[in-house]
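Per-entry structural report
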Amino acid sequence: MPIRPYTEAQVKGRRVLVRADLNVPLSGGAVSDRTRIRAVVPTLRHLVDQGARVVVVSHLGRPKGEPDPALSLRPVAAALGEELGTEVAFVADTVGDEARAAAEGLADGQVLVLENLRFDPREKKNDAEFSKALAALAEVYVCDAFGTMHRAHASVVGVTEHLDSYAGALVAREVEAMGRLVEDPPRPYVALLGGAKVSDKVPLIENLQAKVDRFLIGGAMAFCFLKARGVEVGKSLVEESAVETAGELLATLGEKLMLPSDVVIAPGFDADDQGQVVGVDAIPADMAGFDVGPATVAAFGAEIRGAGAVLWNGPMGVFEKPGFAAGTRGVGEALAESEAFSVVGGGDSAAAAAQFGLSDRMSHVSTGGGASLEFMSGAKLPGIAALGG
Ligand code: ADP
Ligand code: MG
């Protein structure tokens, strides 16, 4: 999948429009997690060092196609300035006169952040005029917004019709790491899946089944499969609409599929100090499973240690609660210790890896949630196709 990087000559002294994914969590008006900001810093620093005049655009949250002060990129621009170690200008405009004047006023090596693209309804519609107006802000386009590349929006797709377009370092890294799993995974290739968004992930399983040698399934997702197998799962979280498909997958995956043999049960989400380990066939009707048990961690851990490649998407339990975190921590540690080529995808899975101090020991932690799932499923992402990939 050849997506083009840019050369020094293509950006030096030129205005470069960078589509970043600065869709960070905010709390009380401040950025509460800078992971996505840090992820784009290498590309921005490189452009600054090359003497480019950098115009950064992004979306933030889900404004309804109109300005929403709570979703302004202003505090994000300030945080970006701190991470970059250089002054970052901000204007509260996207493609209007003010944005244009600020972009035209940039000197070599200066960085400007524009306002939330989704304040304009034309961004999500991939509107031709909006795309053209965005392109008019710069002379070259660099896409480094991996988490948004599954969206055919103006700043991801439309704009590439008007400017020479290149991939940034983050996009190149994501595509290389995940491309290896899609195209030529070291074997055995193990998919470790969990979490709660089961219906989002069932297509992933369907698309991966021909390639993956073993599926290890934990988290709330496991209860869908256990229920389909006729196991009494009590009050455990089950996405009912996915049970039927889970039943079909039980049959087609056969020996490839490993489900938990034991679980940590409790009367409720907040009762994480009352967890009890039971076999999966002994969940009382008034209890719910919130984590996988130690026998499951050992069994999954053995598969992970023997793997050539592991895709991890979805925590094994409610890892946000200390009493339900051991399963996710246990498989995460097995993965960190293994020699396998390890890719972590999914926002909560990445947060779990970070929480347990394991991120640096993974081969790759993706910054994309939905985008990585679609990519891993073998889909061609509109943003990557627009870059010629
Ligand atoms: P990701 O963001 O990594 O793709 P998901 O969004 O699918 O993962 O799921 C993450 C959420 O699933 C976490 O907030 C976690 O608390 C929840 N979860 C995991 N296991 C269970 C369970 N057994 N019961 C209820 N929630 C669970
Ligand atoms: Mg999630």
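So, how was this worked out
Residues numbered from 1 in each chain as written. Chains lettered and ligands numbered in written order. Predicted model: local features only at pLDDT ≥ 70, side-chain atom pairs only at ≥ 80, totals over all residues. Heavy atoms only, no water. Helix = DSSP H or I, 4+ residues; strand = E, 2+ residues; numbered from the N terminus. Rg over C-alpha atoms; globule rule 2.2 N^0.38 Å. Buried < 20%, exposed > 50% of the residue type's maximum accessible area, 1.4 Å probe, protein only. Contact = heavy atoms within 4.5 Å. Areas by Shrake-Rupley, 256 points an atom, 1.4 Å probe, with all protein chains shown as cover. Pairing = 2+ DSSP bridges. Axes fitted to C-alpha atoms, helices over the stretch in contact; angles between N-to-C directions. Core = buried A, V, L, I, M, F, W, Y, C linked by side-chain atoms within 4.5 Å. Phe/Tyr/Trp six-rings, centres within 6.5 Å; stacked < 30°, edge-to-face > 60°. Arc of directions from axis to C-beta. Right-handed = clockwise from strand over helix to strand, strands pointing away. Near = heavy atom within 4 Å. Polar contact = N/O pair within 3.5 Å; in protein donor to acceptor, adjacent residues only side chain to side chain. Nonpolar A, V, L, I, M, F, W, Y, C, P; charged D, E, K, R; others polar. Salt bridge = Lys/Arg side-chain N within 4 Å of Asp/Glu carboxyl O. Parallel < 35°, antiparallel > 145°, perpendicular 65-115°, else oblique.

1. Overview of the overall build of the protein chain
For the protein chain, the count of helices and strands is 14 helices and 17 strands. Taken over C-alpha atoms, the radius of gyration comes to 22 Å for the protein chain, in line with the 21 Å a tight globule of 389 residues would show. Sorting the 389 residues of the protein chain into buried and exposed places 56% on the buried side. Intrachain contacts of the protein chain at a sequence separation of at least 6 include 73% that bridge at least 24 residues. With an accessible surface of roughly 15700 Å², the protein chain has 48% of that area assigned to carbon and sulfur atoms.

2. Quick word on the sheet that holds strand β10 (residues 214-217)
Strand order in this open sheet of six strands is β11-β10-β9-β15-β16-β17, and the pairing throughout is parallel. Both outer strands of the open sheet, β11 (257-258) and β17 (364-365), are each paired with one neighbouring strand and no more. Set on the sheet, helix α10 (residues 294-305) makes contact with β9 (189-193), β10, β11 and β15 (309-313); between it and β10 the angle comes to about 145°. Its contacts with the sheet put helix α12 (residues 347-355) on β15, β16 (341-345) and β17, and the angle it makes with β16 is roughly 120°.

3. As for the nonpolar core
Formed by 77 residues in total, the largest nonpolar core has its most connected members in Leu-134, Phe-146, Ile-205, Phe-215, Ile-217 and Phe-225. In terms of nonpolar packing, the next biggest core, distinct from the first, is built from 33 residues, Ala-20, Ile-37, Val-41 and Leu-73 among them.

4. What about the sheet that holds strand β7 (residues 140-143)?
Across the sheet, six strands lie side by side as β5-β6-β4-β1-β7-β8; this open sheet has parallel pairing. Across the chains shown, the open sheet's two edge strands, defined by having one partner strand only, are β5 (88-91) and β8 (164-167). This sheet shows a mean twist of 25° between the axes of neighbouring strands, independent of strand direction. Taken together, the five bridges between strand β1 (residues 15-19) and strand β4 (residues 53-57) define a ladder with parallel strand orientation. Directly across from Arg-19, in β4, lies its bridge partner Val-57. Running at roughly 155° to β4, helix α2 (residues 35-49) makes contact with β1, β4, β6 (111-114) and β7 of the sheet. Strand contacts of helix α4 (residues 97-104): β1, β4, β5 and β6, with the helix running at about 170° to β6, the strand carrying the most contacts.

5. Examining the packing of aromatic side chains
Applying the stated criterion to the full structure yields three aromatic pairs. Between Phe-146 and Phe-375, the ring centres sit 6.3 Å apart and the planes meet at 65°, which makes this aromatic pair edge-to-face. A residue pair is termed long-range when its members are at least 10 positions apart, and Phe-146 in the loop between β7 and β8 and Phe-375 in helix α13 (residues 370-376) qualify at 229 residues. The buried category is assigned to Phe-146, whose relative accessible area is 0%.

6. A short note on α12
Ser-349, Ala-350, Ala-352 and Ala-353 are the residues of α12 that are buried. Down the axis of α12, the buried side of the element spans an arc of 160°, and every buried residue falls inside it. Buried residues belonging to α12 abut β15, α11 (326-337), β16 and β17. Trailing α12 by a residue or two, Gly-357 shows a phi angle of about 70°, which is positive.

7. Details of the pairing of β15
Extensive coverage of β15 is indicated by the burial of five of its five residues. The alternating pattern of β15 places Ala-309, Leu-311 and Asn-313 and Val-310 and Trp-312 on opposite faces, both of which are buried. When β15 meets β16, the two strands line up parallel, connected through five bridges. Looking at the pairing, Leu-311 lines up with Val-343 of β16. Handedness of the β15-α11-β16 crossover: right-handed.

8. What about the site of ligand 1?
Near ligand 1, the surroundings consist of 20 residues, among which Ala-196, Lys-201, Glu-320, Asp-348 and Ser-349 are the closest. Measuring from an oxygen atom of ligand 1, one finds a backbone N or O atom of Ala-196 at 3.0 Å. Between ligand 1 and the protein, one listed contact pairs an oxygen atom with a side-chain N or O atom of Ser-349 at 2.5 Å. Isolated, ligand 1 exposes 580 Å² of accessible area, and the fraction of that covered by the protein chains is 88%. For the shell around ligand 1, the secondary structure elements donating two or more residues are α8 (219-228), β14 (288-292) and α12. Each residue belonging to the shell around ligand 1 can be placed in one class, and the counts come to seven nonpolar, nine polar and four charged.

9. Focus on the pattern of salt bridges
Taken as a whole, this structure holds 14 salt bridges when the rule is applied. Taking the shortest distance from any N to any O, the salt bridge between Lys-227 and Glu-240 comes out at 3.0 Å. Of this pair, Lys-227 sits in helix α8 while Glu-240 is found in the loop between α8 and α9 (243-253), placing the two residues 13 residues apart along the sequence. With a relative accessible area of 34%, Lys-227 lands in the partly exposed category. If you follow the salt bridges from partner to partner, you end up with Arg-34, Arg-38, Glu-82 and Glu-83 in one network.

10. Some details on the packing of α8 against α9
Describing two packed helices takes the angle between their axes plus the distance from one axis to the other. The N-to-C vectors of α8 and α9 enclose an angle of 75°; their axes lie 8 Å apart at closest approach. With respect to their mutual orientation, α8 and α9 come out roughly perpendicular. Here Cys-224, Phe-225, Lys-227 and Ala-228 of α8 lie close against α9, whose contacting residues are Val-243, Ala-246, Gly-247, Leu-249 and Leu-250. Class assignment of the residues belonging to the contact of α8 with α9 gives a composition of seven nonpolar, one polar and one charged.

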